[in-house]
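Spelled out from the first residue to the last, the chains are:
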Amino acid sequence: MHEDSPAAAHTTAAPRTPARTTRALTESLTEPLSASLPEAPPPGPPAGHSATTIERGSFCLARCSCGWSGPARRSRDRARTDAAEHIAAP
């Protein structure tokens, strides 16, 4: 029976990514930040509403400052959706 010798395994190094130079970093910082961002209207919930999510054990529920409380959910995402639907409702 043939056995391989306990020689070191052959490995190849990953290709190296060239490092960015300081000049490239300073050039990217000279462009105004507002030029690259699209304008969007500021989102604002109706006055008197501030919804958050609260965790109780394995359940999560949405609550609002107006006194509203959503059903307990196992899905945090669904509880956030409940809160968003409450704020969007007239």
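Okay, so let's go over this structure. Just so it is clear, the model here is predicted, and its values are computed rather than measured.

Cut-off values and rules
- Residues numbered from 1 in each chain as written.
- Predicted model: local features only at pLDDT ≥ 70, side-chain atom pairs only at ≥ 80, totals over all residues.
- Heavy atoms only, no water.
- Helix = DSSP H or I, 4+ residues; strand = E, 2+ residues; numbered from the N terminus.
- Buried < 20%, exposed > 50% of the residue type's maximum accessible area, 1.4 Å probe, protein only.
- Contact = heavy atoms within 4.5 Å.
- Salt bridge = Lys/Arg side-chain N within 4 Å of Asp/Glu carboxyl O.

In this fold, Phe59 is placed in strand β2 (residues 59-63). In this structure Phe59 comes out as partly exposed when scored by relative accessible area, which is 34%. The sequence separation of Phe59 and Arg76 amounts to 17 residues, and the corresponding C-alpha distance is 7.9 Å. Phe59 has contacts with Ile54, Ala72, Arg73 and Arg74, leaving out every residue within four places of it along the chain.

A word on the pattern of salt bridges. Here the structure, examined in full by the defined rule, presents 5 salt bridges. Between Arg76 and Glu55 there is a salt bridge; the shortest N-O distance is 2.8 Å. With Arg76 in helix α3 (residues 76-88) and Glu55 in strand β1 (residues 52-56), this residue pair connects regions lying 21 residues apart in the sequence. By relative accessible area, Glu55 is classed as partly exposed at 48%. Notably, a salt bridge pairs Asp77 with Arg80, separated by 3.7 Å at the nearest N-O pair. Highlighted residues: Asp77 and Arg80, both in helix α3, separated by 3 residues, approximately one helical turn. A relative accessible area of 46% places Arg80 in the partly exposed class.

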